[in-house]
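# Observations on the model geometry
What follows is the residue order along each chain.
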Amino acid sequence: MQILGIDIGGSGIKGAPVDIESGALSDDRLRLATPQPATPEAVAATIGNLIQHFNWQGPVGCGLPAAIQNGIARTAANIDPAWIDLDTEQFLSRKTGLGITVINDADAAGLAEMRFGAGRQRDGTVLLITVGTGLGSALFRGGVLVPNTELGHLDLNGQVAEHYASAATRERLGLSYKKWAKRFDMYLQQLQELFWPDLFIIGGGISKKHAKFFPYLTVKTEVLPADLRNEAGIVGAALAAVPPGTDP
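Reading the values: the criteria
Residues numbered from 1 in each chain as written. Predicted model: local features only at pLDDT ≥ 70, side-chain atom pairs only at ≥ 80, totals over all residues. Heavy atoms only, no water. Pairing = 2+ DSSP bridges. Helix = DSSP H or I, 4+ residues; strand = E, 2+ residues; numbered from the N terminus. Axes fitted to C-alpha atoms, helices over the stretch in contact; angles between N-to-C directions. Contact = heavy atoms within 4.5 Å. Core = buried A, V, L, I, M, F, W, Y, C linked by side-chain atoms within 4.5 Å. Buried < 20%, exposed > 50% of the residue type's maximum accessible area, 1.4 Å probe, protein only. Patch = residues over 30% accessible without salt bridge, like charges linked within 9 Å, V, L, I, M, F, W, Y side chains within 5 Å. Areas by Shrake-Rupley, 256 points an atom, 1.4 Å probe, with all protein chains shown as cover. Salt bridge = Lys/Arg side-chain N within 4 Å of Asp/Glu carboxyl O. Lys, Arg positive; Asp, Glu negative; His and termini not counted. Charge placed at Lys NZ, Arg CZ, Asp CG, Glu CD.

In space, the five strands of this open sheet follow the order 11-10-9-14-15, with mixed pairing throughout. The open sheet is flanked by strand 11 (144–146) and strand 15 (222–225), the only strands paired with a single partner. In this sheet, adjacent strand axes meet at a mean angle of 25° when their direction is disregarded. As paired elements, strand 14 (residues 199–203) and strand 15 share four bridges and run parallel to each other. The residue bridging Leu199 from the neighbouring strand is Glu222, located in strand 15. Against the sheet, helix 3 (residues 105–116) contacts strand 9 (125–131), strand 10 (135–141), strand 11 and strand 14, and its axis sits at roughly 50° relative to strand 10. Running over the sheet, helix 6 (residues 177–195) touches strand 9, strand 10 and strand 14 and is turned about 150° from strand 9.

Counting residues in hydrophobic clusters, the biggest one holds 50 residues, and the most contacted among them are Ile6, Ile8, Ile47, Val60, Cys62, Leu64 and Leu92. Not counting the four nearest positions on each side in its chain, Ile6 is found in contact with Ile13, Lys14, Gly15, Ile47, Leu50, Val60, Gly61, Cys62, Gly63 and Ala237. In terms of nonpolar packing, the next biggest core, distinct from the first, is built from 27 residues, Val131, Tyr164, Leu188 and Val223 among them.

Once that is clear, we can look at a positive patch on the surface. There is a patch of like positive charges on the surface, built from Arg29, Arg31, Lys208, Lys209 and Lys212. By the secondary structure assignment, Arg29 is in the loop between strand 3 (24–25) and strand 4 (30–33).

This paragraph deals with the pattern of salt bridges. Where charged atoms from two side chains of opposite charge come close, those side chains can pair. Applying the stated criterion to the full structure yields five salt bridges. Put simply, Asp227 and Arg120 hold a salt bridge, and the shortest N to O gap is 2.9 Å. Placement of Asp227 in the loop between strand 15 and helix 7 (232–240) and of Arg120 in the loop between helix 3 and strand 9 is noted, with a sequence separation of 107 residues between them. Residue class for Asp227 comes out partly exposed when judged on its relative accessible area of 42%. Given the relative accessible area of 40%, Arg120 is considered partly exposed. As a salt-bridge pair, Glu222 and Arg122 come within 2.8 Å of each other at their nearest N and O atoms. One end of the pair, Glu222, is in strand 15; the other, Arg122, is in the loop between helix 3 and strand 9, and 100 residues separate them in sequence. By relative accessible area, Glu222 is classed as partly exposed at 37%. Look at Arg122 and you get partly exposed, because its relative accessible area is 30%.

So this is what it looks like as structure tokens:
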């Protein structure tokens, strides 16, 4: 069974068909720039371009940087505030003519890592952090997702955490990986004291460069890079759209 997975980020919208049994992309990933401003209408048009590119007619899963409650966006991080309180699933399904399931983007990445990646066969408490334009989080206990944690918005050193320790902040301030790692380590220390996880999984685009900053992390909890790297959001979005009663 294949489902089109789409990962909507602050700077890019990425998509590909996913084999949900293996977690592998069944076609080359396509990345399009996120429209600015990232209004629902503009993002829907970009999603339509992805669907057209793959000539897709089946189910679609979308990861959105927002808390999603019964298909309704309750927040909007790095996208236009017009998303707030919008029934995203109904809106995007109407715009594309296809059945679309929407999930928080970090939760999507977490689903993929827990099934196919660094979190597979791991029990206890696992916390995935996606590091990119912002900081996303996905919390699992006994393999079960606790949705919409949005821990990138905690207070850290007098700032919103993702404004202090995201990859975008590192680039904006021109910080070396060593200097930035001190900020990110402070963030992980805070999460450790709040949740005492058994494992941190670090995802997002920066995960492929983990060797540049992992040596500077002092947090006691085990830390692993995401196996699926920047494809986790696509794979997890597809998993979220698996029809009820289907065993992938």
